[in-house]
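An overview of the molecular structure
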Amino acid sequence: MNGIHDMGGMHGFGKVEVEDNEPVFHERWEARVFGMIQSLSGGNIDAGRHSIERLDPVSYLKNGYYGRWLAAFERGLIGGGALTQDEIETRMKAGASAPHATAPASRWHSRATDYVRKVDAPPAFATGQAVITRNHQPQGHTRLPAYARCRRGLIARVHPAMIFPDDHAHGRGENPQYLYTVRFAAGELWGDAADANSVVHIDLFESYLEATA
Amino acid sequence: MSHDHDHEDADIALRVEAIESLLTEKGIIDTATVDEIVRYYEQDVGPLNGASIVARAWTDPAYRTRLLNSPDLAIAEMGYGGTEASRMVVVANEPKVHNVVVCTLCSCYPWAVLGLPPTWYKSPAYRSRIVREPRAVLREMGVDLPEDVEIRVWDSSAEVRYLVLPERPAGSEALSPAELAALVTRDAMIGTAKVPGPTK
């Protein structure tokens, strides 16, 4: 979707502000939001990303990264029937206090989710091949950034087939496709504003691409 | 910070407490597990994981080759891997090539080797600008690259995660892998810094 999340190349956001010795979480609520969502993970990361993309642009920008997570989490809980808006408001008015664990949990182990799937067909493109990206503008989820539509590049690497986010985010199945790292010259992407001597690599699914001479 | 902003912060903290207490009562989440996940990301994973990988690659040429050719196996060999790092690609800086990583569409980042990302990495300013004007952004962040150095930006738009293998600094020849790892910063492994040489 053409949303505020698709930021590559936008103007107007100013200087990159770096905070020295930054803590992992700045506020307790950020840590709790992160922890709650991770504890329930095993869900569909593509649907999760799309849920954040569908926030209105003001909400998206307002409370930073964990604010976005919270807004999408809350909407998912309410939409899925786990909580109601009334319950949350009532509990807030009562001056909610954080629950305390009575016994420690067993140690957490980070687990990798593998998105690779086997497909029967061979990859359509080979390393070094010239491709052009499609003018793909779905209303739903996609991982083709707007700045890379209708741009010519070269296949830099052929990855295995992986779950196709554009379908998976909407519950239409995994429909795996080959993934390619595509190299674009800066001039192809940014025209007269391009940095000399720079390239951008983007990981793109097979159906985003067409062969070109 | 304005009064309104303080008020909003208090409101959001209260909202999250309300949600957590309701979800706990309903048996949907377990507060102890949330505590443990927070502890894990605050204490057990962080840039030191990546730094030890980099230091080994600098001191063990066979490991460097494995890291570049089969990164997932080479990272697992060091005991690392997991969430947000199931398919890694390691890109090596060279005298005339500088690599830098971003996720313009969200904020993808190799959690299992670098921990959770810093705020600037997730900021609209970085996500919008690093693909378009990498040389200017890197200069602002303290890396001044001459025009004859090619900049390669990696936009992590799918489930592949990137780690930059920085150049080993001059004057570090006598250091042990542990001493080298202490020099390697998080930002150097994202590509927005160089590894500083050892201070005497």
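Residues numbered from 1 in each chain as written. Chains lettered and ligands numbered in written order. Predicted model: local features only at pLDDT ≥ 70, side-chain atom pairs only at ≥ 80, totals over all residues.

Let's talk about the overall build of chain B
- Helix and strand counts for chain B stand at 11 helices and 4 strands.
- Overall, chain B is about 55 × 40 × 40 Å in size when its C-alpha atoms are taken along their principal axes.
- A burial count over chain B gives 50% of its 200 residues as buried.
- Pairs at least 24 apart in sequence give 70% of the contacts found in chain B among residues at least 6 apart. (Helix = DSSP H or I, 4+ residues; strand = E, 2+ residues; numbered from the N terminus. Buried ≥ 20, exposed ≤ 12 C-beta atoms within 10 Å, placed from the backbone. Contact = placed C-beta atoms within 7 Å.)

Some details on the pairing of strand β2 (residues 97-102) of chain B
Residue and element names in this part refer to chain B.
- Judged by how many residues are buried, β2 sits mostly within the fold: 5 of 6 residues are covered.
- Of the strand pairs in this sheet, β2 and strand β3 (residues 150-155) are connected by 6 bridges, and their pairing is parallel. What sits directly across from V102, in β3, is D155. (Pairing = 2+ DSSP bridges.)

Details of helix α4 (residues 64-79) of chain A
- Taking 1.5 Å per residue as the helical rise, α4 of chain A with its 16 residues ought to reach 22 Å, and the 22 Å between its terminal C-alpha atoms agrees with that figure.
- Just beyond α4 of chain A, the residue with positive phi is G81 of chain A, at close to 85°. (Expected span 1.5 Å × (residues − 1).)

With respect to the interface of chain A and chain B
- Opposite the 74 residues of chain A that make contact, chain B presents 71 residues.
- Of all the elements in the fold, those that place two or more residues in the side of chain A that touches chain B are α1 (28-39), α2 (45-53), α4, α5 (85-93), β2 (152-162) and β4 (198-205) of chain A.
- Counting residues per element, the side of chain A that touches chain B draws most heavily on α1 of chain A, at 9 residues.
- Grouping the constituent residues of the side of chain A that touches chain B by class yields 40 nonpolar, 16 polar and 18 charged.
- Here β4 of chain A runs beside β3 of chain B; their pairing, made up of 5 bridges, is parallel. The partner of I202 of chain A across the bridge, within β3 of chain B, is D155 of chain B. (Nonpolar A, V, L, I, M, F, W, Y, C, P; charged D, E, K, R; others polar.)

Focus: the domain arrangement of chain B
- Partitioning chain B into structural domains gives domain 1 (3-43) and domain 2 (49-190).
- Between domain 1 of chain B and domain 2 of chain B, the C-alpha centre-to-centre distance is 32 Å. (Domains from an automatic or database assignment.)

Focus on the domain arrangement of chain A
Residue and element names in this part refer to chain A.
- One can read the domain layout of chain A as domain 1 (1-101) and domain 2 (130-211).
- Averaged C-alpha coordinates put domain 1 and domain 2 at centres separated by 27 Å.
- Facing 11 residues of domain 1, the contacting portion of domain 2 comprises 12 residues.
- Along the lines of polarity and charge, the residues of the side of domain 1 that touches domain 2 split into 2 nonpolar, 5 polar and 4 charged.

Notes on the sheet that holds β4 of chain A
- Strand order in this open sheet of 7 strands is β5(A)-β1(A)-β2(A)-β3(A)-β4(A)-β3(B)-β2(B), and the pairing throughout is mixed. Single-partner strands in this sheet number two, and they are β5 (209-211) of chain A together with β2 of chain B. Between one strand axis and the next, the sheet turns by 35° as a mean value, whatever way the strands run.
- Relative to β5 of chain A, strand β1 (residues 130-133) of chain A is paired through 3 bridges, and the arrangement is antiparallel. Note that in β5 of chain A the partner of I132 of chain A across the bridge is E210 of chain A. (Axes fitted to C-alpha atoms, helices over the stretch in contact; angles between N-to-C directions.)

Re helix α3 (residues 47-59) of chain B
Residues and elements named next belong to chain B.
- For α3, spanning 13 residues, the distance from its first C-alpha to its last is 19 Å, which sits close to the expected 18 Å at 1.5 Å a residue.
- Among the 13 residues of α3, 10 are classified as buried, and the element is accordingly described as predominantly covered.
- If you check which residues of α3 are buried, you get P47, N49, G50, A51, S52, I53, V54, A55, A57 and W58.
- The inward-facing, buried residues of α3 contact α4 (61-69), α5 (71-77), α6 (111-114), β4 (161-165), α10 (177-183) and α11 (186-190).

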